[in-house]
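For reference, the chains in residue letters:
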Amino acid sequence: MADKNNNNPLDELFTDSGNQIDPANIVNILKPMLRINRDTQKVLFTPKGMKLTASNKIILFVLAKKVSFIQGIATNEEVTPKEIKEELGKNIPAGTIDASIKRLSENGPLKGQSGKYFIPDFNFEQVEQIFSKYNE
């Protein structure tokens, strides 16, 4: 039996979080690109984030919604195309948003379910790969 006073290496396998993603990794991706208004939960792109492609802005928007869910602010992490258009439609044409959502859900990292989209934890590595070139 292990002594409870010693650091047990198995303790590293446990988490208090319900998700599989290290919050620091999410921050590393989002912080240079956007902010989330604490009161309204609106996503505000930084100048660097504004230069991204439509597809990458959509990925970041959906990831920002995941952050609100992880923080317990939102009741779910899923986003409808309508919500994406309301937030991003000022800068991205609706047709481009629809085509991007379709492509991102077919090839990843988005997953569609009942007309709503989210980034599953197991697809987060794909998100990290997409944005790794921006944070070098």
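Bear in mind the structure is a predicted one, so any value in this text is a computation, not a measurement.

(A) View of the overall build of the chain. If you tally the helices and strands in the chain, you get 6 helices and 4 strands. Walking the chain from its N terminus toward its C terminus, one meets helices and strands in the order α-β-β-α-α-α-α-β-β-α. Taking as baseline every contact in the chain between residues at least 6 positions apart, the subset at least 24 positions apart corresponds to 59%. Summing over all exposed atoms, the chain offers an accessible surface of approximately 8800 Å²; the carbon and sulfur share of this is 50%.

(B) Layout of the nonpolar core. Residues I58, L60, L63, I84, L88 and V127 are the most contacted members of the largest nonpolar core, which totals 30 residues. Within the residue set of this core, elements represented by two or more residues are α1 (23-30), β2 (43-45), α3 (54-70), α4 (81-88), α5 (94-107) and α6 (124-132). Take this core: its biggest share by element is 8 residues, from α3. Sequence-distant contacts of V127, defined by excluding residues within four places in its chain, comprise I29, I59, L63, P109 and I119.

(C) The arrangement of the pattern of salt bridges in detail. Within the structure shown, the criterion is met by 5 salt bridges. We note a salt bridge from K42 to E87, for which the minimum N-O separation is 3.4 Å. Taken together, the residues span a long stretch of sequence, with K42 in the loop between β1 (34-36) and β2 and E87 in helix α4 at a distance of 45 residues. K42 gets classed as partly exposed once you look at its relative accessible area, which sits at 42%. Here K66 ties to E77 by a salt bridge, and the two come within 2.6 Å at their closest N and O atoms. In this pair, K66 sits in helix α3 while E77 sits in the loop between α3 and α4, placing the two residues 11 residues apart along the sequence. Exposure class is identical for K66 and E77. Each is buried.

(D) Main features of α5. The end-to-end C-alpha distance of α5 is 20 Å, a good match for the 20 Å that 14 residues give at a rise of 1.5 Å each. Turning to α5, its buried residues are I97, S100, I101 and L104. Projected onto a plane normal to the axis of α5, the buried residues spread over an arc of 105° and lie on a single side. Those residues of α5 that are exposed and aimed more than 90 degrees away from the buried face are G95, K102, E106 and N107.

(E) The arrangement of α1 in detail. Within α1, burial applies to I26, I29 and L30. Looking straight down α1, one finds that the buried residues subtend no more than 90° of arc, so they occupy a single side. On the buried face of α1, the contacting elements are β1, α3 and α6.

Thresholds applied
Residues numbered from 1 in each chain as written. Predicted model: local features only at pLDDT ≥ 70, side-chain atom pairs only at ≥ 80, totals over all residues. Heavy atoms only, no water. Helix = DSSP H or I, 4+ residues; strand = E, 2+ residues; numbered from the N terminus. Contact = heavy atoms within 4.5 Å. Areas by Shrake-Rupley, 256 points an atom, 1.4 Å probe, with all protein chains shown as cover. Core = buried A, V, L, I, M, F, W, Y, C linked by side-chain atoms within 4.5 Å. Buried < 20%, exposed > 50% of the residue type's maximum accessible area, 1.4 Å probe, protein only. Salt bridge = Lys/Arg side-chain N within 4 Å of Asp/Glu carboxyl O. Expected span 1.5 Å × (residues − 1). Arc of directions from axis to C-beta.

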